[in-house]
Amino acid sequence: MTEWDTSKPILEIENLSISFFTRLREIPAVMDFSCSVMPGEAMGLVGESGCGKSTVALAVMRDLGRNGRITAGSIRFKGRDLTHMTEDDLRHIRGKEIAMIYQEPMASLNPAMRVGDQLAEVPMIHRGLSHADAMAQARQIISDVRLPDPDRILRAYPHQLSGGQQQRIVIAMALMAKPALLILDEPTTALDVTVEAGIVDLVKDLGRKYGTSMLFISHNLGLILDVCNRLCVMYSGEAVETGTVTEVFDRMRHPYTQALFRSIPLPGADKNARPLIAIPGNFPLPHERPRGCNFGPRCDYFEAGRCDAATVPMDLVPGSSRHETRCLRWRDIDWAAPPKAGRVTEKLAPGRLVLKLEDLKKYYSVSSGAFGGGAEKVVKANESLSFEARENETLAIVGESGCGKSTFAKVLMGLETATDGQIMLFDENVQDTPIQARNTDTVSKLQMVFQNPFDTLNPSMTVGRQIIRALEIFQKGTSDADRVERMLTLMDMVKLPRAFADRMPRQLSGGQKQRVGIARAFAGGAKIVVADEPVSALDVSVQAAVTDLLMDIQRENHTTLLFISHDLSIVRYLSDRVMVMYLGHVVEMGTTDQVFSPPYHPYTEALLSAVPIADTRVKKRRIVLEGDIPSAMNPPPGCPFQTRCRWKTEVPGDLCDTDLPPVKVMAGGHQIKCHLSDDILNGMEPVISMAADEARG
Amino acid sequence: MLFFILRRSGVMVLTALALTFVVFFMTNLTPNLEKLAKSEASVRMSDDQVASWLDSHGFTRPLLARYGEWLGVVPGWTHTDASGRVTGRCIGPDRAADAAPARCGVLQGEWGQSSVFKRPVSEILARSLGHTGWLMLWVMLVMVPTALLIGVLSGMREGTATDRILSTFAIATTATPEYVSGVILIVVFGSATAGISPILAEWGWISGRTLFQGTATSAMTKITFWNFGLPVITIALYGIGYIARMTRASMTEVMTQQYIRTARLKGVSFAQIIVKHALRNALIAPFTVIMLQFPWLLNGVVIVETLFNYKGFGWTLVQAAGNNDIQLLLACSVVAVLVVLVTQLISDIGYVFLNPRIRLS
């Protein structure tokens, strides 16, 4: 193949339109989409679910399935039009010139094939290498993606690797043929933040090393800022704004981009003084898109008769490098104007003590071995948890998967009973009472909002009926009519139209379903609500609205909120106190300010550094943790974090290897479980700092 | 692994004991024994004579003791009649009373005497199992590859014309029981007066009167395509449809998996995707089904062997059941139980090898 002229774009998409055809109708998924990726450039595609960003990626691969069809436009890769290529020609491009990295690494690796064979397949197909040569290359690339013990990994099956290792294998597979373009479709969404940080670093380094261009698809603006040079914001099948990262982040020229940034919790946002501004309304369904500007009905700057008159074209912003916006009014809008002041609310003072945990332990015993039998092992899911929570308070429980936060929620709810220790709920000891044995009053006072609103509602019962059912179980209301009335009041409380009571869950959007989940939780006048990742399954613009709703209800009902999350941005925004967990241990606990500023526990420090922040002014120290979280079945001796701790050398002797650190109480009741001396802890530098606070242009 | 097999084998033995006891109990119910007495001694016996015959042949002993005798863990009964002649379970025409062993049961390899065939049960069983073994072998050789091929072909491109045609065929064959398909096949291919044979004979394309032979009796001495074709097809057809349906379901599911997309997007050709990536994953579920087909074949064998007059296990079972041959029936049940349990064990172990996710780590 002739060398490609590197001054020309490697990928050029022009006026691309893609539709899916069902028996009923044609559903346009992407309309009039254009973008180009230069050699070595990383292009970000941002948008909420359903905006068509993954469809664009699959269109580049020409893998739209049987129903999808490119209806207009062209995709040129190195000057060749992909839209008219035959299957045979495409096979030579797929995997060799364009490679893809997927969202779920476990699902995208063949479970019945050894990792080595899956990797070796690529050069065997595209370069005709022998199996032995291909394996040698696979071994080489495995060390390139920084995986330890390549020989073992080559022989392993995908399920024997951790999520982070699997994603590295998927990346290795994509790099096997040294492609010119790499498409990454939400490559880190299924991973923990500290693992995500490692993967992002790897992708950036490899991009630099091989000069690969990237099309990086994500809903996370912070990640885009980390990885990309340029980005393209998509909304409802259209690109609404495109430009360099700094242009779009700092001088956005489309109302949707602006609204998106205002709805995500950036450092500085505060639930009382500077609340998030949710985007009103809902994402339009593909066949219900409005005339004119798609964002029109949700836009603050909407002008009837102009914005809804005709299809809006992309408009170049003068004096920029290909910065374009799909807005008719961008010249009229004062972009520097501060957002309309949100409702400023008073911070509520913590009230009486409602929940007190003392030395709570939860152990599971499991047997190993595929055929049953084998040695019994004890998994210490929770190890001596002690804390208290008061009325009006939001306590965040933070940690990565496997840290024991969900086990704690189960024990508290009574789905499991504690192995040891005490839980005082109001004035009652409940550690040994399973939920079946708790009385209705206790159950209705302690409720839960679940992570996935899609699975937690009964699909064959109307929304109203499900809330009434909760009222019946909690023995609220005197008659059926009274309960219907109460149900409607609850619908008002979660800001759902009363007419929705007759709808089925499938007719609701994710955010609306979560509102139903909240209404159900509060049906019995809950005093303590455990919210297990309540917004992580929702889109960014909806997250803000649901979070605010929770805060409002909390303020009204003086609820204690236990907010379980791995998303530190949202935790920082809404919680009063934070508890950081690692491998079943509470490693740090304190007020939000104490936890988010030094001194840190070394794990908190790494966690803070790993969270991508969508703000160009934020300067972060980069701390990437090596390795994976140890298995709870086989925790390291001594300090649970010692295997990944970068401060370990600062502790004299082998204290970290042998002794579990004591809880150190710092100024203001700030607790840290670490062997580091006070001097070192107090000398830590902040992870996140703001560059000079200039106003956004 | 070894522990697993040992444990499973232990469970198997227990299951076999329980099941054979149930069969023993059923075949040894009093009316059955009375019928046996009358058929063995004299049809015109009085009730008293029946009772004394039963008593002198050890049938009045407690059920558990008799089950123990049959198993060979309890010493066999002996009976001394008025003339001082000693008879007993282990005493026979070729074994004198003083030379006879105390126990003679299944564990000693003595399965008893068949009352229908007047031969040792072990001999009859060995012969009939041999015949059925050949039948099963050919059925499996025809059924499994055909079924997998149909399943994979229809599952790899769901909803296409190929898929629809093959699926219709599969559903039609599963929906037709052997006693229907067997009769239809005989009429179409093995009848001198109906179907295609008369036409072919008229045209002079076949030398005999029928294309296939409607009976498989000659296959007991020499198996040929023409005498064995119809029974094999009859049993295989049913299984083909069933296994093909399972394979298709599993294949269509695998084809929608993300790792298939991964393979496609790394440039693997469609044929390679099927062979290297989809097949092994798609075969995990049907493997269990194929293993379950073995016991199911016993079922089909009963009908088909009777229909085609092929003196295998199924035919023997029918004869034993129809003629109240207790010893033979018991032996047949032991064989059936073992076939079921052993195939289950093989299927469990094979599953572990096919599916690396449940392999010992």
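Please refer to the structure higher up on the page.
Basis of the calculations
- Residues numbered from 1 in each chain as written.
- Chains lettered and ligands numbered in written order.
- Predicted model: local features only at pLDDT ≥ 70, side-chain atom pairs only at ≥ 80, totals over all residues.
- Heavy atoms only, no water.
- Helix = DSSP H or I, 4+ residues; strand = E, 2+ residues; numbered from the N terminus.
- Rg over C-alpha atoms; globule rule 2.2 N^0.38 Å.
- Buried < 20%, exposed > 50% of the residue type's maximum accessible area, 1.4 Å probe, protein only.
- Contact = heavy atoms within 4.5 Å.
- Areas by Shrake-Rupley, 256 points an atom, 1.4 Å probe, with all protein chains shown as cover.
- Lys, Arg positive; Asp, Glu negative; His and termini not counted.
- Charge placed at Lys NZ, Arg CZ, Asp CG, Glu CD.
- Pairing = 2+ DSSP bridges.
- Axes fitted to C-alpha atoms, helices over the stretch in contact; angles between N-to-C directions.
- Buried area = accessible area lost by both parts, 1.4 Å probe.
- Salt bridge = Lys/Arg side-chain N within 4 Å of Asp/Glu carboxyl O.
- Phe/Tyr/Trp six-rings, centres within 6.5 Å; stacked < 30°, edge-to-face > 60°.
- Lys NZ or Arg CZ within 6 Å of the ring centre and 35° of its normal.
- Patch = residues over 30% accessible without salt bridge, like charges linked within 9 Å, V, L, I, M, F, W, Y side chains within 5 Å.
- Expected span 1.5 Å × (residues − 1).
- Arc of directions from axis to C-beta.
- Core = buried A, V, L, I, M, F, W, Y, C linked by side-chain atoms within 4.5 Å.
- Parallel < 35°, antiparallel > 145°, perpendicular 65-115°, else oblique.
- Left-handed = near helix turned anticlockwise from the far one by under 90°.
- Nonpolar A, V, L, I, M, F, W, Y, C, P; charged D, E, K, R; others polar.

Caption draft 1: Representation of the overall build of chain B. Each helix and strand in chain B was counted, giving 13 helices and two strands. Computed over its C-alpha atoms, the radius of gyration of chain B comes to 26 Å, more than 25% above the 21 Å expected for a compact globule of 361 residues. Along the longest, intermediate and shortest principal axes, the C-alpha atoms of chain B span 90 × 65 × 30 Å. For chain B, the proportion of its 361 residues judged to be buried stands at 44%. Across chain B, contacts joining residues at least 24 apart in sequence account for 65% of those joining residues at least 6 apart. When the accessible area of chain B is evaluated, it comes to approximately 17900 Å², of which 66% is carbon and sulfur surface. Side-chain charges in chain B split into 28 positive and 19 negative, and the spacing between the mean points of these groups amounts to 15 Å.

Caption draft 2: Spotlight on the overall build of chain A. Helix and strand counts for chain A come out as 22 helices and 26 strands. Projected onto its principal axes, the C-alpha coordinates of chain A cover approximately 75 × 65 × 55 Å. Across the 697 residues in chain A, those meeting the buried criterion constitute 55%. Long-range contacts, defined as pairs at least 24 residues apart, comprise 67% of the intrachain contacts of chain A with a sequence gap of at least 6. Looking at chain A as shown, the accessible area adds up to about 28300 Å², and 50% of this sits on carbon and sulfur atoms.

Caption draft 3: Up close: the sheet that holds strand 25 (residues 671–673) of chain A. Residues and elements named next belong to chain A. Taken in spatial order, the eight strands line up as 18-19-20-15-21-22-25-24 in an open sheet, and their pairing is mixed. Each end of this open sheet is capped by a strand with a single partner; those strands are strand 18 (446–449) and strand 24 (663–665). Pairs of neighbouring strands in the sheet enclose a mean axial angle of 20°, with direction left out of account. Here helix 20 (residues 602–610) sits on the sheet and contacts strand 15 (394–398), strand 21 (577–582) and strand 22 (585–591); the angle it forms with strand 21, its principal contact strand, is near 100°.

Caption draft 4: Inspection of the environment of Thr 212 of chain A at higher detail. All names here are of chain A. The residue Thr 212 is located in the loop between helix 8 (193–210) and strand 8 (213–218) in this model. On the basis of relative accessibility, which here comes to 4%, the residue Thr 212 falls in the buried class. A C-alpha to C-alpha distance of 18 Å links Thr 212 and Arg 80, two positions 132 residues apart in sequence. Sequence-distant contacts of Thr 212, that is, excluding residues within four places in its chain, are made with Gly 40, Pro 179, Ala 180, Leu 181, Leu 182, Leu 206 and Gly 207.

Caption draft 5: Spotlight on the interface of chain A and chain B. Each partner contributes to the interface: chain A provides 30 residues, whereas chain B provides 24 residues. For the pair chain A and chain B, the two sides together bury roughly 2800 Å², of which 58% comes from carbon and sulfur. At the boundary of chain A with chain B, the tally comes to three salt bridges. Notably, a salt bridge pairs Lys 276 of chain B with Glu 121 of chain A, separated by 3.6 Å at the nearest N-O pair.

Caption draft 6: The packing of aromatic side chains, seen in detail. Going through the model one piece at a time under the given rule, you end up with 20 aromatic pairs over all chains. Where Tyr 235 of chain A meets Tyr 256 of chain A, the ring centres are 4.5 Å apart and the plane angle is 50°; that geometry is what we call tilted. You can see Tyr 235 of chain A sitting in strand 9 (residues 230–235) and its partner Tyr 256 of chain A sitting in helix 11 (residues 255–263), a full 21 residues away along the chain. We note that Tyr 235 of chain A, like Tyr 256 of chain A, is buried. Its guanidinium or amino end placed over the ring of Phe 426 of chain A, Lys 445 of chain A lies 4.6 Å from that ring's centre, counting from NZ or CZ. Against the face of Phe 270 of chain B rests Arg 157 of chain B, its NZ or CZ located 4.1 Å from the ring centre.

Caption draft 7: How the structure looks around the pairing of strand 8 of chain A. All names here are of chain A. Counting buried positions along strand 8 yields six of six residues, so the element is predominantly enclosed. Side chains Ser 213, Leu 215 and Ile 217 of strand 8 all project onto a buried face; the interleaved residues Met 214, Phe 216 and Ser 218 project onto the opposite face, where all are buried too. Where strand 3 (residues 42–46) lies against strand 8, five bridges are found, and the strand directions are parallel. The residue bridging Met 43 from the neighbouring strand is Leu 215, located in strand 8. As paired elements, strand 7 (residues 181–185) and strand 8 share five bridges and run parallel to each other.

Caption draft 8: Expanded view of the pairing of strand 6 (residues 98–101) of chain A. Residue and element names in this part refer to chain A. Judged by which residues are buried, strand 6 turns out to be covered on both faces: Ile 98 and Met 100 on one side and Ala 99 and Ile 101 on the other are all buried. One ladder, built from four bridges, connects strand 6 with strand 7; its direction is parallel. The partner of Met 100 across the bridge, within strand 7, is Ile 183.

Caption draft 9: The arrangement of a nonpolar patch on the surface in detail. Judged by side-chain polarity, Trp 134, Leu 137, Trp 138, Leu 141 and Ile 223 of chain B come together as a nonpolar surface patch covering roughly 480 Å² of accessible area. For Ile 223 of chain B, the position within the fold is in the loop between helix 8 (197–203) and helix 9 (225–255).

Caption draft 10: Representation of the pattern of salt bridges. Residue and element names in this part refer to chain A. Taken as a whole and judged by the stated rule, the model has 46 salt bridges over all chains. The partner of Glu 186 in a salt bridge is Lys 53, and the shortest N-O contact between them spans 3.6 Å. Placement of Glu 186 in the loop between strand 7 and helix 8 and of Lys 53 in helix 1 (residues 53–60) is noted, with a sequence separation of 133 residues between them. Lys 53 gets classed as buried once you look at its relative accessible area, which sits at 6%. Bridged by salt links that share partners, the residues Glu 303, Arg 306, Arg 329 and Asp 332 form one connected network.

Caption draft 11: The arrangement of helix 15 (residues 480–493) of chain A in detail. Residues and elements named next belong to chain A. Taking 1.5 Å per residue, 14 residues should reach 20 Å; helix 15 reaches 20 Å between its end C-alpha atoms and fits that length. Of the positions making up helix 15, those classed as buried are Arg 483, Met 487, Leu 488, Leu 490 and Met 491. An end-on view of helix 15 places all buried positions within 155° of arc, on one side of the element.

Caption draft 12: Structural view of the nonpolar core. Residue and element names in this part refer to chain A. Counting 186 residues, the largest nonpolar core has Leu 11, Phe 33, Leu 119 and Ile 183 as its most contacted members. Top element by residues in this core is helix 8. It accounts for eight residues. Look past the residues within four positions of Ile 183 in its chain and what remains in contact with it is Ala 57, Val 60, Met 61, Ile 98, Ala 99, Met 100, Ile 101, Leu 215 and Ile 217.

Caption draft 13: Seen up close, the packing of helix 12 (residues 313–322) of chain B against helix 13 (residues 326–354) of chain B. Residues and elements named next belong to chain B. Direction vectors running N to C along helix 12 and helix 13 enclose 140°, while the axes themselves pass 9 Å from each other. By the angle between their directions, the pair helix 12 and helix 13 is classed as oblique. Considering how the two elements wind past one another, helix 12 and helix 13 form a crossing that is left-handed. Contact residues: Phe 313, Thr 316, Leu 317, Ala 320 and Ala 321 in helix 12; Leu 328, Leu 329, Cys 332 and Val 335 in helix 13. For the contact of helix 12 with helix 13, the residue count by class is eight nonpolar, one polar and no charged.

Remember that the coordinates give geometry; whether it matters functionally is a separate question.
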